[in-house]
Amino acid sequence: MEEKHQIGLPHGAKAAEVYGIVGYLFSLMFFVLYLLWAYTPDWILHSMSITYYPDRYWSIAWPSYLCMLVAYFVVIYISWNIINTNPYDSYYTVRDTIKEAIQSKEKDLRFKDKSSIPEAADMSIHEVNSVLFCSHRERT
């Protein structure tokens, strides 16, 4: 008796796939209806016995409101993250307590010799910021 192997049979669509295609079709349908409402002259709508519809002002107002709402949420999200960020010298920022910070003399010697790689050590966040964001005149 021969065994029939059925390879690659579909086992039905997943819920996410169904919701995705239904959402896509509904959004496409509402977009087409929006474009028809926004660009169709009144006399054509009246000839099809469509007499009750929103004012055309809303065809511009709603997208404008939605764009400003998105911009508002971006500003609020960034502001919220800035407010909730710990200061640089806060206890809650990560710091290695095993390795001691470099002494100032060692730090100066470490950067003078360009031929060798200095040993790994912690630098305070203030030193890092001064090296990255300050001009040479401000550091000296």
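What you are looking at is a predicted structure, and each value in this text was computed from that prediction instead of being measured.

Examining the overall build of the chain
Piece 1. Assigned secondary structure in the chain consists of six helices and zero strands.
Piece 2. Reading the helices (α) and strands (β) of the chain from amino to carboxyl end gives α-α-α-α-α-α.
Piece 3. Within the span of the chain, comprising 140 residues, buried residues form 9% of the whole.
Piece 4. Restricting to contacts in the chain with at least 6 residues of sequence separation, those with at least 24 account for 19%.
Piece 5. Of the accessible surface of the chain, which amounts to about 13500 Å², a share of 66% is contributed by carbon and sulfur atoms.

Here's the deal with the packing of aromatic side chains
Piece 1. Applying the stated criterion across every chain, the model contains eight aromatic pairs.
Piece 2. By the ring-pair criterion, three or more aromatic residues cluster together here, those being Tyr57, Trp58, Trp62 and Tyr65.

With respect to unusual backbone geometry
Piece 1. Positioned with a positive phi, serine 49 is a non-glycine residue whose angle comes to about 65 degrees.
Piece 2. Tracing the backbone shows serine 49 in the loop between helix 2 (42–47) and helix 3 (57–83).

What to know about the pattern of salt bridges
Piece 1. Using the criterion set out here, one finds one salt bridge in the structure.
Piece 2. In this structure, arginine 56 engages aspartate 42 in a salt bridge whose closest nitrogen and oxygen atoms are separated by 3.2 Å. In this pair, arginine 56 sits in the loop between helix 2 and helix 3 while aspartate 42 sits in helix 2, placing the two residues 14 residues apart along the sequence.

Here's the deal with the packing of helix 1 (residues 15–39) against helix 3
Piece 1. For the pair helix 1 and helix 3, the least separation of the axes is 8 Å and the interaxial angle reads 135 degrees. Viewed along their axes, helix 1 and helix 3 adopt a mutual orientation that is oblique. On helix 3, the residues that touch Tyr34, Trp37 and Ala38 of helix 1 are Trp58, Ser59 and Pro63.
Piece 2. For the contact of helix 1 with helix 3, the residue count by class is five nonpolar, one polar and no charged.

What about the confidence of the model for the chain?
Piece 1. Across the chain, pLDDT averages 79, with 68% of residues at or above 70.
Piece 2. Mean pLDDT across the secondary structure elements of the chain bottoms out at helix 4 (residues 104–112), with 54, and peaks at helix 3, with 95.

A look at the environment of isoleucine 60
Piece 1. If you trace the backbone, isoleucine 60 turns up in helix 3.
Piece 2. For the pair isoleucine 60 and alanine 38, spaced 22 residues apart in the sequence, the C-alpha separation amounts to 8.7 Å.

Regarding the side chain of serine 59
Piece 1. Among the structural elements, serine 59 can be located in helix 3.
Piece 2. Here serine 59 falls in the buried class, since its relative accessible area comes to 8%.

Let's talk about the side chain of threonine 40
Piece 1. Its location among the elements puts threonine 40 in the loop between helix 1 and helix 2.
Piece 2. Taking relative accessible area as the criterion, threonine 40 reaches 14% and is therefore assigned buried.
Piece 3. A polar atom in the side chain of threonine 40 sits 2.4 Å from the backbone oxygen of leucine 36.
Piece 4. Excluding residues that lie within four positions of it along the chain, threonine 40 makes contacts with Leu35, Leu45 and Arg56.

Rules used throughout
- Residues numbered from 1 in each chain as written.
- Predicted model: local features only at pLDDT ≥ 70, side-chain atom pairs only at ≥ 80, totals over all residues.
- Heavy atoms only, no water.
- Helix = DSSP H or I, 4+ residues; strand = E, 2+ residues; numbered from the N terminus.
- Buried < 20%, exposed > 50% of the residue type's maximum accessible area, 1.4 Å probe, protein only.
- Contact = heavy atoms within 4.5 Å.
- Areas by Shrake-Rupley, 256 points an atom, 1.4 Å probe, with all protein chains shown as cover.
- Phe/Tyr/Trp six-rings, centres within 6.5 Å; stacked < 30°, edge-to-face > 60°.
- Salt bridge = Lys/Arg side-chain N within 4 Å of Asp/Glu carboxyl O.
- Axes fitted to C-alpha atoms, helices over the stretch in contact; angles between N-to-C directions.
- Parallel < 35°, antiparallel > 145°, perpendicular 65-115°, else oblique.
- Nonpolar A, V, L, I, M, F, W, Y, C, P; charged D, E, K, R; others polar.
- pLDDT = per-residue confidence, 0-100.
- Polar contact = N/O pair within 3.5 Å; in protein donor to acceptor, adjacent residues only side chain to side chain.

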